[in-house]
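Chain and residue survey
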Number of protein chains: 2
Amino acid sequence: MIQNLTEHDRENLQESLAKSGQKVTPQREVVFAVLLSKRDHPTVDEVFQRARESMPGLSLATVYNCLETFVGCGLVRQVNHERESTRYCPNLAPHAHFRDAATGRVHDIELPPAILQSLRSILPPGFDSEAIEISFLGRAQGGDAHPTL
Amino acid sequence: MIQNLTEHDRENLQESLAKSGQKVTPQREVVFAVLLSKRDHPTVDEVFQRARESMPGLSLATVYNCLETFVGCGLVRQVNHERESTRYCPNLAPHAHFRDAATGRVHDIELPPAILQSLRSILPPGFDSEAIEISFLGRAQGGDAHPTL
DNA sequence: AGTGAGATTTTGAATCATTCTAAACAGGGA
DNA sequence: TCCCTGTTTAGAATGATTCAAAATCTCACT
């Protein structure tokens, strides 16, 4: 069972929602509490299951709504920005991707080995990485970074 | 219309497939050619549309198969590893994610500001990034990086 | 207490990418 | 030729997410 929000967390929720002109609702409180009480990067469905324990009538759509709202006002992060169709590229050199928020286009960004190295070094001992994925989200003024390679 | 593979590209295809005991087929040639001829990170459906121009009978399932095969033998990269359900986390501090391939669990990895800075610096002029997403895929020996925060 | 506007929630249907299944097919030995 | 195995195909099935419309709630104003 999910415990209630602390005074501090409720205030935080209240303020963040207020900034985008939205209100605290019982559903939002429960969903937020779920997120805070077990920080294991739950899926929407997991949040739904857990939240239902304290609010049985809660609907899945509401969980989607709440999460979208939270992400919108910066209370919560989405682990997987890129939920559109998978894309493929034959560029095998290590590189990052830049998704232009305006056009949806994806550009390759060259990745210096030094950076790759320093990234690997931030992993705590015991963590072995096979692949690193780096993607920027933003806006590109000009044309292509790597026109067509 | 997609041009044929160059001698060199066909050899590359042939060898890579051979390594995992697979064969070159007309369908695979076409799909590979599509990938090489316009490097704009197409979705499966875009690949399908383009490939159909030179091979009208081609089926969508085959495109999925080919792409999976190519990724499997390292010929092609998938831009979006994480195609499972979206996950959410209330950790707003800048951090990377580490997905344990064995358990599917996602761990937070602290991200030193210096690294974030150097990452931003690799963007060519004109590219303005609002968000950076970094995720490792690999195996974790021990327990959690950030047990429950 | 009553009314109305607007936001929020609910239910269930719809969408869309992806995967699965089963049948047809292709090609290379025995 | 006949089988064996890998590949392709069409269409059904799955699963996450979104949408639409009706019901409900909140709160300001009366």
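The coordinates are above.
Residues numbered from 1 in each chain as written. Chains lettered and ligands numbered in written order. Predicted model: local features only at pLDDT ≥ 70, side-chain atom pairs only at ≥ 80, totals over all residues. Heavy atoms only, no water.

Focus: the pattern of salt bridges
To keep it simple, the criterion reads: Salt-bridge detection follows one rule: a side-chain nitrogen of Lys or Arg within 4 Å of a carboxyl oxygen of Asp or Glu. Helix numbers and strand numbers start at the N terminus; a helix is a DSSP run of H or I with at least 4 residues, a strand a run of E with at least 2. Burial classes: relative accessible area under 20% of the type maximum marks a residue as buried, over 50% as exposed, and values in between as partly exposed (1.4 Å probe, protein chains only).
This model, assessed by the stated rule, comprises eight salt bridges over all chains. When the shortest N-O distance is used, the salt bridge between Arg 139 of chain A and Glu 130 of chain B registers 3.2 Å. Pair noted here: Arg 139 of chain A is in strand β5 (residues 127-140) and Glu 130 of chain B is in strand β5 (residues 127-140), and the two residues belong to different chains. Here Asp 40 of chain B ties to Arg 50 of chain B by a salt bridge, and the two come within 2.8 Å at their closest N and O atoms. Here Asp 40 of chain B is found in the loop between α2 (26-37) and α3 (44-54), whereas its partner Arg 50 of chain B is found in helix α3, with 10 residues between them in sequence. Under the relative-accessibility criterion, Asp 40 of chain B is labelled partly exposed at 22%. A cluster of three or more residues bridged by salt bridges with shared partners is formed by Lys 38, Asp 40 and Arg 50 of chain A.

Section: the relation of the copies chain B and chain A
Both copies of the chain are placed relative to one another by a rotation about an axis and a shift along it. Rule in force here: The copies were overlaid by least squares, fitting only the C-alpha atoms of residues that reach a pLDDT of 70 or more in each copy. Throughout, a contact is declared for two residues whenever any of their heavy atoms are within 4.5 Å.
Mapping chain B onto chain A is achieved by rotating through 180° and translating by 0.0 Å along the same axis, at an RMSD of 0.1 Å. On the angle and the small slide along the axis, the relation comes out as a two-fold axis. Proximity to the rotation axis, assessed at the C-alpha, singles out Ile 134 of chain B in chain B; its C-alpha lies 2.3 Å from the axis. By residue overlap, the copies meet face to face through one surface: 100% of the interface positions of chain B are interface positions in chain A.

Description of the environment of Pro 42 of chain B
Its location among the elements puts Pro 42 of chain B in the loop between α2 and α3. Sequence separation between Pro 42 of chain B and Val 79 of chain B is 37 residues, and the spatial gap between their C-alpha atoms is 9.7 Å. Residues contacting Pro 42 of chain B, with those up to four places away along its chain left out, are Thr 86, Arg 87 and Tyr 88 of chain A together with Leu 35, Val 47 and Arg 50 of chain B.

With respect to the protein's contact with DNA strand D
As a reminder of what qualifies: Proximity criterion: a residue is near a molecule or strand once any of its heavy atoms comes within 4 Å of it. Think of a polar contact as two N or O atoms within 3.5 Å of one another; within protein, one of them needs to be a possible hydrogen donor and the other a possible acceptor, and neighboring residues in sequence only count if both atoms come from side chains.
Taken together, 17 residues sit near DNA strand D, with Tyr 64 of chain A together with Thr 25, Arg 28, Thr 62 and Thr 86 of chain B positioned nearest. Within 4 Å of the protein, the atoms of DNA strand D are drawn from sugar and phosphate moieties in a proportion of 83%. In the model, a phosphate oxygen of DNA strand D is placed 2.5 Å from a nitrogen or oxygen of the Thr 25 of chain B side chain. Between DNA strand D and Ser 59 of chain B, the relevant distance is 3.3 Å, taken from a phosphate oxygen to a main-chain nitrogen or oxygen of the residue. Every element with two or more residues in the surface near DNA strand D is listed here: α4 (60-72) of chain A together with α2 and α4 (60-72) of chain B.

A few points about the interface of chain B and chain A
For the record, the criterion: Note on terms: buried area is the combined drop in 1.4 Å-probe accessible area of two parts once they are placed together, counting the loss on both. Under this grouping Gly is polar, as are all residues other than the nonpolar Ala, Val, Leu, Ile, Met, Phe, Trp, Tyr, Cys and Pro and the charged Asp, Glu, Lys and Arg. Between any two strands, pairing holds if DSSP finds at least two bridges.
With 69 residues of chain B at the contact, the number on the chain A side is 69 residues. Taking both partners together, chain B and chain A bury about 6800 Å²; carbon and sulfur atoms supply 59% of that area. Contact with chain A buries surface across chain B, with Arg 77, Tyr 88 and Glu 133 of chain B losing the most and accounting together for 14% of the total. The tally of links between chain B and chain A comes to two salt bridges. Taken together, the connections running from chain B to chain A amount to 21 residue pairs in polar contact (both at pLDDT 80 or more). Considering each element in turn, the side of chain B that touches chain A owes the most residues, 14 residues, to β5 of chain B. Partitioning the side of chain B that touches chain A into residue classes produces 34 nonpolar, 20 polar and 15 charged. As defined by bridge partners, strand β1 (residues 77-78) of chain A adjoins strand β2 (residues 88-89) of chain B across two bridges and the pair is classed as antiparallel. Bridged to Gln 78 of chain A within β2 of chain B is Tyr 88 of chain B.

Note that every value here comes from positions in space, so none of it alone points to a role or purpose.
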